[in-house]
Structures are given as structure tokens and as C-alpha cells.
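Residue-level structure breakdown
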Amino acid sequence: MRLTVLLEEVRSCTLCAEHLPLGPKPLVQAAAGARVLIIGQAPGSAAHASGKPWDDRSGQRLREWLGVDEKTFYDPKCIALVPMGFCFPGTGASGDLPPRPECAPAWHAKLRASLKRIELTILLGRYAFEHELGDRYGTLTEATCDYPNLLPSSMVLPHPSPRNNRWLAKNPWFLKDAAPTLQARMRELLGE
């Protein structure tokens, strides 16, 4: 299946509509030439409202970690954005609810099969980490620390939410060593 047709199907998906407080509005970004794949959690309420993935403070921090500007980040020919859940799942007592479980099984394998030029997959946060590498590492921190062995093809990052400031304070090596290494890999792939 052509990627453009697949993206149309994803964007019109209503698999979990009955569970979404704001209704379905799948957010995904991809093009056949993308070299970086970012698998995140699910869009937040700001992204749902704007229709633009990572359109919030978490997105600003993520772009800083990657060392890319907004133009590059939102260029689907450079970066594919494929979350674990494509729609805003709603909020709970401690923040956004987990991504809906229907999305990844329904769409990820098809999307990844269509993204043939991916050279770096970034797993953001617990849900993406557990889905992709949870059987290989005990914790997200352990996987994030192992970036020298995961690169050049993948890297695990904590979610860039301001809620993770405590994690960043406990793990100063991330901004000192891991983020600059990631930025160098991004420059290598995207030619900046």
C-alpha cells in the first residue's frame, strides 16, 4: 500500500472514537523519504486543538534535545512522527491518560513497512520504550543510559514533559552526554 493512501486511512481512523473525550483526530506525520522516526506517547490537548503534533512545551524541549528547528522537525521528508496512540486520550488524575491500545497494533507495522529509509528510531517515554524494548531492559533509564550501544539505529529518551524535570535533575549525564550525541546523529542524518 502506498504511504499516502495509508496516511489517509490513519487520519480517518475511528477505532476508539467511543473512548475519546474530544473525538478522533489522529495526528501522524510521515513521508517516504523520512530518515528519522520518532515514536512518542499520544498527542496532548494542545496538539489536538492545533492539529499539529508536539505543539506544546514538551515539543519545544524535544526539538532542543534533537538540535533541530521547527521547520526541520515538521518536515515529514526528514522526520516521521508516529505516536503509540494517534489521538488525544483525555486526562486523568496525574496527567494525560495512556495512549489508546488500539492504535499501535492497527497501524504501526504498516507504517513502519512504508518508511523504508528510516535510519534512526527514537523511542520517547515509557509507552514507546515498553512496546519496542521492554523485554530487553528493566527500566527506561537503563535503556536511555545504553544509548552508545543502541546508536546509530535507535535511542530511548524520557518523555520531554516538564513533569520529568526531576528525572533530568537525577540524571545530569543525559543533557551533558546523551543529548549532544543525539544532536550529532541528527546532523549526520539530516545534513544540518
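Scroll up to find the structure.
This write-up is about the structure you can find in this document. Residue positions are given per chain, counting from 1 as you read along its sequence in written order. Totals for whole chains, interfaces and linings use every residue, but because this is a predicted model, local features are given only for residues with pLDDT of at least 70 and side-chain atom pairs only at 80 or more, for both listing and counting. Here the side-chain values reflect all heavy atoms present in the structure, with hydrogen atoms and water set aside.

It is worth spelling out the layout of surface pockets at this point. Estimated volume of the largest pocket: approximately 900 Å³. Here the term cavity refers to a set of points on a 1 Å grid, laid over the protein atoms alone, in which a 1.4 Å probe fits but cannot get out; the term pocket refers to an open set having protein on both sides within 12 Å along at least five of seven lines, with lining residues being those that place an atom within 4 Å of a point. What lines the largest pocket is a set of 38 residues, among which Q41, S58, D96, H159 and S161 lie closest to the centre. The class makeup of the residues in the lining of the largest pocket is 20 nonpolar, 13 polar and 5 charged. Grid points are joined across faces, edges and corners, and a volume is the space filled by probe spheres set on the points. Gly is placed with the polar residues, together with every amino acid not listed as nonpolar (Ala, Val, Leu, Ile, Met, Phe, Trp, Tyr, Cys and Pro) or charged (Asp, Glu, Lys and Arg).

Every angle, taken between N-to-C directions, lies between 0 and 180 degrees, and every axis is a line fitted to C-alpha atoms, over only the stretch in contact when it is a helix. By definition, any uninterrupted DSSP run of H or I lasting at least four residues is a helix, any uninterrupted run of E lasting at least two residues is a strand, and each is numbered from the N terminus. Where helix α1 (residues 3–11) contacts helix α5 (residues 103–114), the axes come no closer than 10 Å and their chain directions differ by 155°. With respect to each other, α1 and α5 are oriented roughly antiparallel. Read as a crossing pair, α1 and α5 show a hand that is left-handed. Facing L3, L6, L7, E9 and V10 of α1, the residues of α5 in contact are W107, K110, L111 and S114. Across the contact of α1 with α5, the residue classes tally to 6 nonpolar, 1 polar and 2 charged. Geometric relationships in this document are graded by angle, where less than 35 degrees denotes roughly parallel, more than 145 denotes roughly antiparallel, 65 to 115 denotes roughly perpendicular, and other angles denote oblique. Left-handed describes a crossing in which the near helix is turned anticlockwise from the far one by less than a right angle; the clockwise case is right-handed. Any two residues whose heavy atoms approach within 4.5 Å at even a single point are treated as in contact.

Here we take up the state of the cysteines. Joining two cysteines, a disulfide is a covalent bond between their sulfur atoms. The definition used for a disulfide is geometric: two cysteine sulfur atoms within 2.5 Å. Summed over all chains, the structure comprises 0 disulfides. The cysteine C13 is free of any disulfide, with C103 supplying the nearest cysteine sulfur at 5.9 Å. According to the relative accessible area criterion, C13 is buried, its value standing at 12%. Residue C103 stays outside any disulfide, its sulfur separated by 4.9 Å from that of C16, the closest cysteine. The exposure class of C103 is buried, given its relative accessible area of 5%. Only protein chains enter the accessibility calculation, which uses a 1.4 Å probe; a residue whose area is less than 20% of its type maximum is buried, one above 50% is exposed, and one in between is partly exposed.

Our focus in this paragraph is empty space enclosed by the protein. In this structure the tally under the stated criterion is 1 cavity of 30 Å³ or more. Together, 13 residues line the largest cavity, and C13, C16, P26, C87 and C103 are the ones closest to its centre. Counted by class, the lining of the largest cavity contains 12 nonpolar, 1 polar and no charged residues.

Moving on: the sheet that holds strand β5 (residues 120–124). One open sheet accounts for 4 strands, arranged β2-β1-β5-β6; its pairing is parallel. The open sheet is flanked by β2 (79–81) and β6 (154–157), the only strands paired with a single partner. Taken pair by pair, the neighbouring strands of this sheet meet at an average axis angle of 20°, ignoring direction. Pairing between strands is defined by DSSP: at least two bridges between the two strands are required. Across 3 bridges, strand β1 (residues 36–39) lies against β2 in parallel orientation. When the sheet's bridge partners are listed, I38 is paired in β2 with L81.

We now examine the side chain of S154. Relative to the helices and strands, S154 is located in strand β6. Ignoring sequence-local partners within four residues, the contact set of S154 consists of L120 and T121.

Once that is clear, we can look at the environment of E142. Residue position: E142 is located in helix α7 (residues 140–145). Each C-alpha atom of the pair E142 and L3 lies 34 Å from the other, and the pair is 139 residues apart in sequence.

Packing of helix α3 (residues 57–66) against helix α10 (residues 173–190) leaves a shortest axis separation of 7 Å and a crossing angle of 75°. Our classification of the angle between α3 and α10 gives roughly perpendicular. Residues E64, W65 and L66 of α3 pack against F174, L175, A179, L182, Q183 and M186 of α10.

Here, a salt bridge means any Lys or Arg side-chain nitrogen found within 4 Å of an Asp or Glu carboxyl oxygen. This model, assessed by the stated rule, comprises 8 salt bridges. Across the pair D75 and K77 runs a salt bridge whose closest N-O atoms are separated by 3.7 Å. As a salt-bridge pair, K176 and D177 come within 3.5 Å of each other at their nearest N and O atoms. With a relative accessible area of 28%, D177 lands in the partly exposed category.

Remember, this is a structural readout, not a statement about activity or role.
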